[in-house]
Amino acid sequence: MATGHIVRFRRIVELATKAKSASDILPYLDSIALFIADRWVLKSEYAVGETHRPARDYILYMLSEHDFVMRQAVMSDAHVTSTQAKWLLGKVAKVAPGRGWVWRREPDTEFCETYPDLSNQLGGQWEARKKTILPRLKEHIENAARLQEFVNKKPSTSTTVPAALPSASTSSSSSSASSSSSSASSSSSASIPTSSPASAALSASLEEGLRGSTIPDQLQHFLTSMFMRHGVCNRQSLMQGLVNSAKENKPTVDGHPNMLAKVDDDLFSRILNDIAGTHANTFFLRSIGHPEIDKVRVLVLSVFRNAPSPAIRLSEVIEAASQSSDVSVVPQEVYRTVLAEFANQTRGGRWVFKTGDPVRKT
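Residues numbered from 1 in each chain as written. Predicted model: local features only at pLDDT ≥ 70, side-chain atom pairs only at ≥ 80, totals over all residues. Heavy atoms only, no water.

Some points on helix 16 (residues 332-342)
- With respect to burial, helix 16 is a largely interior element, 9 of its 11 residues being buried.
- Those residues of helix 16 lying buried are Glu333, Val334, Tyr335, Thr337, Val338, Leu339, Ala340, Glu341 and Phe342. (Buried < 20%, exposed > 50% of the residue type's maximum accessible area, 1.4 Å probe, protein only. Helix = DSSP H or I, 4+ residues; strand = E, 2+ residues; numbered from the N terminus.)

Re a positive patch on the surface
- The grouping of Lys91, Lys94, Arg104, Arg105 and Lys250 at the surface amounts to a positive patch.
- Mapped onto the elements of the fold, lysine 94 is located in strand 3 (residues 93-96). (Patch = residues over 30% accessible without salt bridge, like charges linked within 9 Å, V, L, I, M, F, W, Y side chains within 5 Å. Areas by Shrake-Rupley, 256 points an atom, 1.4 Å probe, with all protein chains shown as cover. Salt bridge = Lys/Arg side-chain N within 4 Å of Asp/Glu carboxyl O. Lys, Arg positive; Asp, Glu negative; His and termini not counted. Charge placed at Lys NZ, Arg CZ, Asp CG, Glu CD.)

A closer look at the packing of aromatic side chains
- By the definition in use, this model includes 10 aromatic pairs.
- On the numbers, 5.0 Å between centres and 80 degrees between planes, the contact of phenylalanine 304 with phenylalanine 353 is edge-to-face. Of this pair, phenylalanine 304 sits in helix 14 (residues 291-306) while phenylalanine 353 is found in strand 9 (residues 351-353), placing the two residues 49 residues apart along the sequence.
- On the numbers, 6.2 Å between centres and 10 degrees between planes, the contact of phenylalanine 342 with phenylalanine 353 is stacked. Of this pair, phenylalanine 342 sits in helix 16 while phenylalanine 353 sits in strand 9; the two residues are 11 residues apart in sequence, bridging distant segments of the chain. (Phe/Tyr/Trp six-rings, centres within 6.5 Å; stacked < 30°, edge-to-face > 60°.)

Side note on the pattern of salt bridges
- Applying the stated criterion across every chain yields a total of 10 salt bridges.
- The partner of glutamate 127 in a salt bridge is lysine 130, and the shortest N-O contact between them spans 3.1 Å. Linking glutamate 127 with lysine 130, this pair stays in helix 8 (residues 116-153), spanning 3 residues, or about one helical turn.
- According to the relative accessible area criterion, glutamate 127 is partly exposed, its value standing at 39%.
- Between glutamate 341 and arginine 297 there is a salt bridge, with the nearest N and O atoms lying 2.9 Å from each other. With glutamate 341 in helix 16 and arginine 297 in helix 14, the pair connects residues that are 44 residues apart, well separated along the chain.

Digging into the packing of helix 12 (residues 235-248) against helix 13 (residues 265-275)
- The N-to-C vectors of helix 12 and helix 13 enclose an angle of 120 degrees; their axes lie 13 Å apart at closest approach. Classified by the angle between their axes, helix 12 and helix 13 sit oblique to one another. The two elements helix 12 and helix 13 meet at a crossing, and its hand is right-handed. In this structure, helix 12 uses Arg235, Leu238, Met239 and Leu242 to contact helix 13, whose residues at the interface are Asp265, Phe268, Ser269 and Leu272.
- Here the contact of helix 12 with helix 13 is built from residues that sort into 5 nonpolar, 1 polar and 2 charged. (Axes fitted to C-alpha atoms, helices over the stretch in contact; angles between N-to-C directions. Parallel < 35°, antiparallel > 145°, perpendicular 65-115°, else oblique. Left-handed = near helix turned anticlockwise from the far one by under 90°. Contact = heavy atoms within 4.5 Å. Nonpolar A, V, L, I, M, F, W, Y, C, P; charged D, E, K, R; others polar.)

Things to note about unusual backbone geometry
- Unlike most non-glycine residues, alanine 37 shows phi in positive territory, near 50 degrees.
- Along the chain, alanine 37 falls in the loop between strand 1 (33-36) and strand 2 (39-42).
- Positioned with a positive phi, aspartate 38 is a non-glycine residue whose angle comes to about 65 degrees.
- Tracing the sequence through the fold places aspartate 38 in the loop between strand 1 and strand 2.

Pasting the structure below:
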């Protein structure tokens, strides 16, 4: 489901070769998917990064309430760009000419007929979740606005990607970094939009497609995009993503051929070590291009590294900040947003560091 997002129950049973019967699958399926409008749909927690979950949930809400959805409405209501809206819609919907976006798959009538009582029960679960979507979206937008207000007060002194993220095909000197014309030059904004810190100082153009005219630049652009989307990745997930992107063989948005298939292990390791830090066998961006936010990121990581377990609380981060001379006073939403880059929040309020596998929630 991580690739299909909407899958018929019969197909799920066919793919689950280790399951002895359909009833063996249902408890697990119920934990990762929702039964919406008679369709099994992957939960947003497993489908997209933290940043895009409110918008994706909103799209599912709109599709379940209306015959079709307009991309402009998603952009306006969920505060996402045209590219982001199209990307999110494309996972669960398709364009119906003259109307708008409609469900990508037809209802799973076979499942409804086979399990009528369960279908009604699962539909009730979606109705309960649906009531939380609009309030959560509103809260997400308000939090992002508060974060943007903070960032605007302390803008980065540079309008290019920081020295920690030089163009892979140039030297790490400031003159080379400022003149690079591929992934670094495409990341020209140091302000934080309504998204996570990982996508803060980096241009939204990273989501439009691959960029770069050389193998190192394309690789750096790809890796940066992965970290922007997921915050934390392990080596296996990065390698698998690279293989998938190479197989797609789509040219870059600036007209160059896709050269990711030519990446070898040495180049992969070199570029990864140049732009990423490590913790618990996972990787994350060293810098997002905003000095004040990067200080908070360093602080949060230090709390995780010094904690006796993989789980920490927001209060521990705030306490550490109060004792730090490097981090200025910032809104709590800044800490929450940085935590969301590195960790998943449990129902008990603790933050557990991500495993680095985007398809599995920790």
